[in-house]
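A structural walkthrough
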Amino acid sequence: MPETHVNTFGGSPLNRLSWLRPSQSFMNAIVHVPNSRWLLFNAGQTLMISSDDRSVKPALAYLSTRDVKPFLGPEPYFGQGKEPGELVVEKDGESHAHPQHSPTEAARHHGIPIVFLGLHEKESGDNSVALPSSEFTNPDEAIKKLQGTPYFAVEVADLEHTQDDLEKLLSETGPSKEGKKLSWVEPRTLMMGFDGFPAAVFASARSMVDWNQRNKFCPGCGSPTYSMWGGWKVACKTLLPWTDNGNKKPCPTTKGLHNFTHPRTDGVVIMIAIDETGEKVLLGRGRRFPGKFYSALAGFIEPGESFEDAVVREMWEEAGVHVWNIKYHSGQPWPYPANLMVGFYARADSTKPIRTDLDNELVDARWFTREEILAVINHVGGTRFRHADLKKIAEDIDGRSNTGETKAQTDPTSKALTPAESKGSAPQQERRKSVADEPPFRLPGTGAIAGVLVRDWAEGRISFPPEDLKAGPIHKGNL
Ligand SMILES: [Zn+2]
């Protein structure tokens, strides 16, 4: 196994400058850096540059601060007071993070939340521009020396704009004026050739705008919330000095430390069991997986569980299989809406029966040999989606958003099969020899960690030491 495997959506190169988020002077300055780039979302759909030519991959649309100004409401954008246009003046020593947070730090009360994603310091083509962190202790000085490209994200669904207003505003942006076609795209239904830098920036943007959308009311007292710290904190309106709370019982967030509004990352274990010979793997087919699609088993980590506990429980609940000797592979942010996939291998006994009737999440689970897996990986249609599959995924997204059931990971780096390829008649690369028109089953591609886990095992890039074979299951009595 490589030392560190960076999965698609991970490895963001942005310097998040998280300790400067509470500084409204820094935030108000960085938002006006001329080369700033903004990602826009509309009810979770992403603004993309597309083309009528299907061979051209859609790309994220980056807008400038000038382009997005009509969406942002009145200035100042951060550190807003009660009235539009009013700036809350920071007192000395309160300009950046300190132990007792003020309820007005880089707060927004007028307009949609703005998420500051971070600074891409390498954008200038010279790696040496990254400032040492000491340069950022004083926000006012930092902004003068700052080099690179700041990235922001906003969700426009709550604006009081009609669809026509939105279209008109978009038609006046830089990309539109250059003749590029802008459209809102549901990212899960489009195989975007998404990888590397744009995928990593997109992942944090998508999760953060979603989190802001879902936290409009205080979980402590039910009052409305407002956005702070460049979109990374929401606070209860009853905390504001100008709010008249009358006889209302004080919100629990007025006392002590509360982090229930911390941006969410929900842990999901995703794992493949390897049998006692090391030559077979256990994969499952979810109830809603498209086509003949088999994948790694997965499930949300529950409170009170370690990663290993969750792997053991999920393998038992979904496939009736006991696993031991659990080994970490890598993690993958999965921004639908805010999961962190934590990938593992585990050992299991393939001679024991499989049962999928415990939690009924899978329609099938079975052991595959290395040869069976390699044949599918090397088949032209083995790890790619057909348009009908994408349609099914789209219907799934429309019909049910968050049921707690983990869904098939679509591969953001993959493109859909063209009709010619679906028939198996496309010219194929030398190593991708088709064994038949249709592969016997299909597997996720390597843009999804499930596909990485399968491929790294099948191609011999991971190894379980032989002594593991004798280890056997850990019994609770050993604790
Ligand atoms: Zn509250």
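Residues numbered from 1 in each chain as written. Predicted model: local features only at pLDDT ≥ 70, side-chain atom pairs only at ≥ 80, totals over all residues. Heavy atoms only, no water.

Using the following cut-off: UniProt positions are given in the numbering used here, feature names are shortened, and annotations may be inferred rather than shown by experiment.
Where an unreviewed UniProt entry is consulted, the chain appears under the name NAD(+) diphosphatase, with the organism given as Cyclocybe aegerita. The annotation that UniProt attaches to the chain under Catalytic activity (unreviewed entry) is "a 5'-end NAD(+)-phospho-ribonucleoside in mRNA + H2O = a 5'-end phospho-adenosine-phospho-ribonucleoside in mRNA + beta-nicotinamide D-ribonucleotide + 2 H(+)".

Some points on the overall build of the chain
Spelled out, the test is: Segments assigned H or I by DSSP are reported as helices when at least four residues long, segments assigned E as strands when at least two residues long, and all are numbered from the N terminus. For the exposure calls, accessible area comes from a 1.4 Å probe over protein chains only, and a residue counts as buried if that area is under 20% of its type's maximum, exposed if over 50%, partly exposed in between. Contact definition: two residues touch when any of their heavy atoms are within 4.5 Å. A 1.4 Å probe and the Shrake-Rupley method give the accessible areas. Residues count as covered only by the protein chains that appear here.
Along the backbone of the chain there are 12 helices and 14 strands. Residues classed as buried in the chain amount to 51% of the 479 residues present. Nonlocal contacts in the chain, meaning residues at least 24 apart in sequence, comprise 77% of its contacts between residues at least 6 apart. Of the roughly 22,600 Å² of accessible surface on the chain, a fraction of 52% belongs to carbon and sulfur atoms.

What about unusual backbone geometry?
The omega angle of the peptide bond from Glu75 to Pro76 is -5 degrees, so this bond is cis rather than trans. Within the secondary structure, Pro76 is located in the loop between helix H2 (65-68) and strand E4 (115-120). Although it is not a glycine, Asn325 adopts a positive phi angle of roughly 50 degrees. Mapped onto the fold, Asn325 is located in strand E12 (residues 323-334). Asn325 sits in the buried class, given a relative accessible area of 15%.

Side note on the coordination of the zinc ion
The condition that has to hold: Note that water is not among the atoms considered, so a metal site may appear incomplete; the donors listed are N, O and S atoms within 2.8 Å of the metal, with 3.2 Å applied to Na, K and Ca. A four-donor site is called tetrahedral if each angle lies between 85 and 135 degrees; a four-donor site is square planar, and a six-donor site octahedral, when trans pairs exceed 155 degrees and the remaining angles lie between 65 and 115; all other cases are labelled irregular.
Here the zinc ion is held by Cys218 (SG), Cys221 (SG), Cys236 (SG) and Cys251 (SG), and the distances to it run 2.2 to 2.4 Å. Here the zinc ion binds 4 donor atoms, and the angle range of 98 to 117 degrees at the metal identifies the geometry as tetrahedral. Each donor residue of the zinc ion belongs to the same chain, with the gaps between them written as C-x2-C-x14-C-x14-C. Here the residue Cys236 occupies a position in strand E8 (residues 233-236), and Cys251 occupies one in the loop between E8 and strand E9 (266-274), the gap between them amounting to 15 residues. Each member of the pair, Cys236 together with Cys251, is buried.

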